Amino acid sequence: MDFIKQELTNLRNNALYRTLKTIDGSQSKKVIIDGKEYLSFCSNNYLDIANHPAITAAVIDAVKKYGWGAGASMLVSGNMTLHKQLEKEIAQFKKTEDSIVFPTGFMANVGTISSIVGNGDLIISDRLNHASIVEGSKLSKATFRVYAHCDIVRLEKILKRAKGFRRILIVTDSVFSMDGDIAPLKEIFPIAEEYNAMVMVDEAHATGVFGESGRGVLESLGLEHKADIVMGTLSKAVGGMGGFVCGNHDLVNYLRNKAKSFIYTTALPPAVCAAALAGLKLIKKSAELRTSLWKNINYFRERLNERKINCGNSQGPIIPIIIGDLEKTNHIAEILFENGILAPAIRPPTVPRGSSRIRVTIMSSHTKEDIDKFITILFNVTI
Ligand SMILES: Cc1ncc(COP(=O)(O)O)c(C=O)c1O
């Protein structure tokens, strides 16, 4: 087992060692670490509802009524009233026939991809797709081809050369998790149609944030019903935990029968479903949360533009401040932390080598003063 010590030493020597910070108290824009208050600029709780009274009340009610654990997988005896309600609510929200809930978004991607395609099939994936898409693809045993980030020409080249595959699946994040930019979906759908390929879109970071009703990027681009498979999470703007896939009844029934990360795992505790139901209700009823989030996103971006700070092509609440150098990125994250800001360095292998960054995420509850504080500290460090 010497290799473990060696590998840990390597990680430390290369400034790649990861440690955990413990948040004391609840998740909100202000968090407590070791007794000190920090402004969080790194949570995916974009609408700051993870600690919303309506959600905590729904959880307490559900625990009183249903207890905690679901006791078994959904197919055995873990499928309770709240699971059913949640799947129905997600389908209604996303305007699809049906939906299936997984314990996490990671499991939704892994289970869906590995059951939709297999040996003899082809997966075509954006280089910056989420790790769960990559892992699901590996598990599927399908041929896996990657196109340069958002490069529609490269995508079409792969399709043109693809001969003899039984099925082809194009899979992309709609909002990329470390870059905050948006997939060229308007171009992807017609090409997919031309080559008879299925399209799966991961709306993890878009659900609750993009589109007039918060349904995601597909809504904002007027492309709903174009994707064959829409995946999302309940763990980011919805403020809780869980993953889901929406589509027609056949797709959902297929996944219930085939997706191993659905079949062979215990169902979410019912109270987690109650939290998601309350979160979705807030998203539907409280458009002001989204309005305030977008006001903050625009203000933050304007401030970065003053100094021509490189934040790629990000468009939503994920705003990467791309530094490049690993040590420098770690240093900036430390200075931010010393000054009461939580926004850790994101380093390889999470992002490609030479593109280390501070991945900022904006919340609806941030104020102009919060943003100004962040910007002042950032501008005081040489980038
Ligand atoms: C694009 C994307 N898809 C899927 C996931 C996995 O979701 P979850 O955190 O709910 O497992 C994430 C999480 O970071 C993500 O960024």
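Here the residue numbering is sequential within each chain, running from 1 through the sequence in written order. With pLDDT at 70 or above as the cut-off, local features in this predicted model cover only qualifying residues; side-chain atom pairs require 80 or more to be listed or tallied, and sums for whole chains, interfaces and linings still use all residues. Calculated side-chain values reflect all of the structure's heavy atoms, with hydrogen atoms and water omitted.

A separate point is the domain arrangement of the protein. A common way to state how big an interface is: give the accessible area lost once the parts meet. An automatic or database domain assignment supplies the residue ranges for each domain. Examined at the domain level, the protein breaks down into domain 1 (19-47 + 287-380) and domain 2 (53-285). A separation of 26 Å is found between the C-alpha centroids of domain 1 and domain 2. On the domain 2 side, the residues contacting the 22 residues of domain 1 number 22 residues. Note on domain 1 versus domain 2: buried area summed over both sides is about 1600 Å², and carbon and sulfur give 58% of it. Salt bridges are identified by distance alone: a Lys or Arg side-chain nitrogen within 4 Å of an Asp or Glu carboxyl oxygen. Here domain 1 is connected to domain 2 by one salt bridge. With a closest N to O distance of 3.1 Å, Asp179 and Arg357 form a salt bridge. Only heavy atoms enter the contact rule, under which two residues are in contact if any of them lie within 4.5 Å. Buried area is a sum: the accessible area each of two parts loses on coming together, probed at 1.4 Å, counted once for each and added.

With respect to the helices, strands and loops of the structure, Leu185 is situated in helix α8 (residues 185-194). Between buried and exposed lies partly exposed: a residue is buried under 20% and exposed over 50% of the maximum accessible area for its type, with that area taken using a 1.4 Å probe on protein chains only. A residue is classified by how much of its surface remains accessible, and Leu185, at 1% relative accessible area, is buried. Among residues more than four places away in sequence, those in contact with Leu185 are Thr172, Ser174, Val201, Val217, Leu218, Leu221 and Leu223. Put simply, DSSP marks the helices as runs of H or I at least four residues long and the strands as runs of E at least two long, and each gets a number from the N terminus on.

Scanning the model with the defined rule gives 14 salt bridges in all. Of the charged contacts in the structure, one is a salt bridge between Asp370 and Lys29, with a shortest N-O distance of 2.6 Å. Of this pair, Asp370 sits in helix α15 (residues 368-380) while Lys29 sits in the loop between α1 (2-13) and β1 (30-33), placing them 341 residues apart in sequence. Each of the two residues, Asp370 as well as Lys29, counts as buried. Salt-bridge contacts for Glu87 lead to Lys84; the nearest nitrogen and oxygen are separated by 3.3 Å. With Glu87 and Lys84 both in helix α4 (residues 81-94) and three residues apart, this pair spans about one turn of that helix. Residue Glu87 is classed as buried on the basis of its relative accessible area, which comes to 1%. Given the relative accessible area of 42%, Lys84 is considered partly exposed.

A few words on the sheet that holds strand β10 (residues 318-324). If DSSP finds at least two bridges between two strands, the strands pair. Across the sheet, three strands lie side by side as β10-β13-β12; this open sheet has antiparallel pairing. At either margin of the open sheet sits one strand with a lone partner, and together these are β10 and β12 (345-346). Bridge count for β12 against strand β13 (residues 356-361) is two bridges, and the pairing is antiparallel. Paired with Ala345 across the strands is Ile358, a residue of β13. Angles run from 0 to 180 degrees between N-to-C directions of axes, and those axes are lines fitted to C-alpha atoms, restricted for helices to the stretch in contact. Relative to the sheet, helix α13 (residues 287-306) contacts β10 and β13, its axis offset from that of β10 by approximately 25°.

Time to look at the side chain of Arg215. Mapped onto the secondary structure, Arg215 falls in the loop between β7 (198-202) and α9 (217-220). With sequence-adjacent residues up to four places away left out, Arg215 is seen in contact with Phe93, Lys94, Lys95, Glu203, Thr207, Phe210 and Glu224.

This part covers the packing of aromatic side chains. The geometry of an aromatic ring pair is captured by two quantities: the separation of the ring centres and the angle between the planes. Pairing of aromatic rings covers Phe, Tyr and Trp, the last counted by its six-membered ring, and requires centre-to-centre distances within 6.5 Å; plane angles under 30 degrees mean stacked, over 60 mean edge-to-face, and any other angle means tilted. In total, this model carries six aromatic pairs according to the counting rule given. Ring geometry for Tyr38 and Phe337: centres 4.3 Å apart, planes at 10°, overall stacked. On the criterion of sequence distance, the pair formed by Tyr38 in strand β2 (residues 36-40) and Phe337 in helix α14 (residues 326-338) is long-range, its members being 299 residues apart. We classify Phe337 as partly exposed; its relative accessible area is 21%.

With respect to burial, strand β9 (residues 243-247) is a largely interior element, five of its five residues being buried. Pairing of strand β3 (residues 98-102) with β9 involves five bridges; the strand directions are antiparallel. Following the sheet pairing, Ile100 is matched in β9 by Val245. In this sheet, β9 lies alongside strand β8 (residues 229-233) in antiparallel orientation, the contact comprising four bridges. For Met231, the partnering residue across the bridge sits in β9 and is Val245.

When at least one non-hydrogen atom of a residue lies within 4 Å of a molecule or strand, that residue is treated as near it. Taken together, 15 residues lie near the ligand, and Phe106, Asp202, His205, Ser235 and Lys236 sit nearest. Here a polar contact means two N or O atoms within 3.5 Å. Within protein one must be a hydrogen donor candidate and the other an acceptor candidate, and residues neighboring in sequence count only if both atoms are side-chain atoms. Backbone polar atom of Gly105 to an oxygen atom of the ligand: 3.0 Å apart, as the coordinates give it. Between an oxygen atom of the ligand and a main-chain N or O atom of Phe106, the distance comes to 2.9 Å. Every accessible area reported is derived by Shrake-Rupley at a probe size of 1.4 Å, with residue values counting cover from the shown protein chains alone. Calculation on the ligand without its partners gives an accessible area of 390 Å², and the protein chains cover 84% of this total. The greatest single-element share of the shell around the ligand, amounting to three residues, is contributed by helix α5 (residues 105-116). When residue character is reported, Ala, Val, Leu, Ile, Met, Phe, Trp, Tyr, Cys and Pro are called nonpolar, Asp, Glu, Lys and Arg charged, and the others, Gly included, polar. Looking at the shell around the ligand residue by residue, the class counts come to three nonpolar, nine polar and three charged.

Now for the nonpolar core. If you look at the biggest cluster of nonpolar residues, it comprises 88 residues, and the most contacted ones within it are Phe41, Ile170, Phe300, Ile321 and Phe374. A per-element tally of this core places helix α12 (residues 270-285) first, with 11 residues. Composition of this core by domain shows at least three residues from each of domain 1 (19-47 + 287-380) and domain 2 (53-285). Ignoring any residue separated from it by four or fewer positions in sequence, one finds Ile170 in contact with Ile124, Tyr147, Leu155, Leu159, Ile188, Ala192, Ala197, Met198, Val199 and Met200. Within the second largest apolar cluster, 25 residues are counted, among which are Leu169, Val245, Val252 and Ala267. Here, nonpolar core refers to any group of buried Ala, Val, Leu, Ile, Met, Phe, Trp, Tyr and Cys residues whose side-chain atoms link them within 4.5 Å.

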